[in-house]
Each structure stands twice: as structure tokens, then as C-alpha cells.
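One letter stands for each residue in the lines below.
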Amino acid sequence: IMRDQMLQGEEGMGVYESGWHRGVEGQIEKLIAFTPVPSDVLGESHVWSVAVVAPPTEVAEAVRRVYRRQYAAEGALIVGMLVLAGLALADQRRRSAALARQIGRQEEYMLSILNSSADAIVFIDNDNHVQVWNRGAELLFGYTAEEMVGHTFRRLVPPEIDAKAELRRIQEEAARKGFVRDYVATRITKDGRRVKVDITRTPVHSEKGQVIGSTVIIRDVTAKMEWEQRIYHTEKLASIGNLAAGVAHEINNPLAVMPGFTDLLLERAEPGTADYDDLNVIEESGKSARKIVENLLGFARVTEGLEDTVDVHHCIHTVAGIVKNTQMTAKVELVNEVPEGLPRVCGDSREYQQVAFNLINNSVAVMKEEGGTLTLSAEVEDDWVHLRVTDTGPGIPDRIKARVFDPFFTTKKVGEG
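Residues numbered from 1 in each chain as written. Predicted model: local features only at pLDDT ≥ 70, side-chain atom pairs only at ≥ 80, totals over all residues. Heavy atoms only, no water.

Q: Even after reading the chapter, I still don't get unusual backbone geometry, so can you show me in this structure?
A: Glycine aside, negative phi is the norm for most residues, and most peptide bonds take the trans geometry. Look at Arg22: it is not a glycine, yet its phi comes out positive at around 55°. Of note, Arg22 is situated in the loop between β1 (12-21) and β2 (24-37). Judged by its relative accessible area of 64%, Arg22 is exposed. Even without being a glycine, Asp382 presents a positive backbone phi close to 50°. With respect to the secondary-structure elements, Asp382 resides in the loop between β12 (372-381) and β13 (384-391). (Helix = DSSP H or I, 4+ residues; strand = E, 2+ residues; numbered from the N terminus. Buried < 20%, exposed > 50% of the residue type's maximum accessible area, 1.4 Å probe, protein only.)

See the structure below:
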């Protein structure tokens, strides 16, 4: 049957009994598999067929050999993979150990920098709560990390300042500009001292770009600002001294001549006559001019800034006299309503005059074009003497009101003040 199938070009397989195989005679069971072989060189009516014959034991042995080779190859592959995995794992462990050592060294460096910095370095979260408080911050403010971590900066802000509003303003500026730099503010230490600090704040972002907090670097600039104030005070005194010297030189020469000639003319005039009265007016005017020069020189005199008591009426009267004769314009009217008999207050008279002088100058500067009235007044309220400098000018714009007490802040152009 299988022979007929092969001659007909069919494909198949089967089992048959053979009397011989590889020189061995006898009844031997064999497996046979046959298939046709197409070829263009044969005619359409001719078919070639190929058959493969072998006993089942040989086929099984061949299959076993294939499986053994396959198992051996798979085993070798698995062993190779295990070896590679072991090498990769060892390399990964070596890299991880090296990375851990590097990270450890970087953390050690960062901690060393953080703790050895003379400036205060602080990390705060989005709610302004302190999370990191370094050694520099402890030295500057006196609070330990245990006392500050988890708290805000409220305890560092002076009571006269709205801590919540200031912290919100700094946070908003940092979010808008990406940083806050050279923000000078007054802070209070644990022992009650007031210090001037320069604050730099920068937001910190996560890997996803979200703001997770801010780093704050705080530097004590108290000594620097005191030195700058001394320089400023020295330059101010030098300028006023030069002005006073120039005025004194120009005025004292004619003032030295006026009294002598006035006395001569008074000796020739009859008392009670118009000429006699006119000469008295000239003499009084000369004395008044001399007093103005003396006041100007006294105002410019160098002072040590020692604590003393101040006669408010005398100080304001002196400053008003200087300003009225040197700074006032025809469009600005000065009204001095500071009464006599005010209690003396603690302070330095020169510095007190300087404050009043600056306020008056600012008022005159903004009213010199359009004109207006400048009023000086004072009153006693609950053991305090309140001095007010009021003008009818345009006032301070809202956009700069928050900065009027910032050191060295001015709206004047270079050379104007």
C-alpha cells in the first residue's frame, strides 16, 4: 500500500516488517516516511519519491542524542548566563558601593560646609516652617536647631513689623523673580539684640519641577551698615561744614563791618528820629544774620552722638531758622507751631535736628514747583513728645511706602540727594 502511495506521489508514514537491516537478518520492525520530490526536469506524468527507513530503536537513539545535545547547550547557556549575572551583580555592587561612598563624601562635604559657614543657612518648606537650621544660624540668632525646626521666623521679627505680611511679601517676590537678593531687614536675637541682616532666598524644586521649599542665606550686616552710616555721617558733616564755612566767610566779612559803622551813625543820630530807628533796624538785622551763621555752624559741628536730653522747641526753632533762610522758596510757606515748654526727650540734639532737617528738605523738594504749606507741630501724649512734619504736597506713592525705611533707599536722581 505504501509503495502504491509513493508511486502515486503521495506523502505519508507507516510501519512494516523487514527481514534485514545493516547486515542483520530476521524480523525487524521499521519506520518509514516518504514524500514526493517535485522537479521541472520530469514530465507531468512522472513522479519521484524519497523514503527514509529506520528501526524505532535508531530513531529513539537519534532523538535522545538531539535532546542530550540540546540539554548540554541549554545547560552551558544557563551556566554562562549565571556567570554573566554573577559578574554583572558583582560589578553593580562595586558601582553601588563606589556611588554610596561618593554620596557619603558629598553629604559629609555638604554638612561640613553647612555647619562651618559663618552665614546662617536655613531651609524652609512652603509654609515657611524651618526644616534645616545650621550652626551659623545658631551663632547669629542664639536659637538652637531644636528650638527653630518646625517653627517660622516670627520670633525673629521685631514686634512693630507685621511678620506675616513681611514673610508673605518675601515669599511672593521669590516666586515671581525666582529669588530674593539683598533684602535688608531688622531681626531680633534670642537675647533681645536687634541686628541688621541681608537675606537671600531661592526656591528649591523637586525632580518634577514642583516647589518644595526655599533655601535662605542670612548674613549679619550690622557692623557694615554702622560703618556705612559713619561714612555717610562724616560725608554729610563735611558737606555741611564746607557750606557753613563758605557762608560764614561770605557773610562774616560784611557783618564785621556793619556793627562798627552802625554804632558811628547811631552816635550822630538823634534818638527817637526816623534815622535812629532805621539804624536800630539795621543793627538788629546784622545781629540776626550773625545768629543765622552761628546756628548753621552749630548744626554742622561734629558730634559724638552721645545720649543726652533734647529741647525739642530749641532744636526745631534752630532748624526752621536755617531752612527758612537757605532752603525755602517763594512758593513754600513754613509754619512753625512747635510750642515752648515741651518736656525734654532722650536723644542727641544733632541727630534730632538731622531727622527734622531731612524731613523738611523732602517736603520742600516736592512742593517747590507747585508750592504749598509746610507745618511743624508738636504735642505731648502719654509722656511722649510727638513731632509732626506735615506738608500739602502730593504725598508718598503707595508703591514705595513699604520701602521708606529701607537703608539708602531714595527716589532722587544721582547728584540730587
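Q: Is there a simple way to think about a nonpolar patch on the surface in this case?
A: The grouping of Val37, Trp48, Val50 and Val52 at the surface amounts to a nonpolar patch, some 390 Å² of accessible area in total. Looking at the nonpolar patch element by element, the count peaks at three residues for strand β3 (residues 48-54). Within the secondary structure, Val50 sits in strand β3. (Patch = residues over 30% accessible without salt bridge, like charges linked within 9 Å, V, L, I, M, F, W, Y side chains within 5 Å. Areas by Shrake-Rupley, 256 points an atom, 1.4 Å probe, with all protein chains shown as cover. Salt bridge = Lys/Arg side-chain N within 4 Å of Asp/Glu carboxyl O.)

Q: How should the sheet that holds β12 be read in this particular structure?
A: Hydrogen bonds between backbone atoms are what pair the strands of a sheet, whose relative direction is either parallel or antiparallel. Reading across the sheet, the three strands line up as β10-β12-β13 and stay open at both edges, with mixed pairing between neighbours. Because the sheet does not close on itself, it has two edges, and the strands there are β10 (332-337) and β13. The average angle at which neighbouring strand axes cross in this sheet is 15°, direction not considered. Here β12 runs beside β13; their pairing, made up of eight bridges, is antiparallel. Residue pairing for β13: Glu381 is matched across the bridge by Trp384. Of the strands in this sheet, β10, β12 and β13 are in contact with helix α9 (residues 349-367), which crosses β12 at around 150°. (Pairing = 2+ DSSP bridges. Axes fitted to C-alpha atoms, helices over the stretch in contact; angles between N-to-C directions. Contact = heavy atoms within 4.5 Å.)

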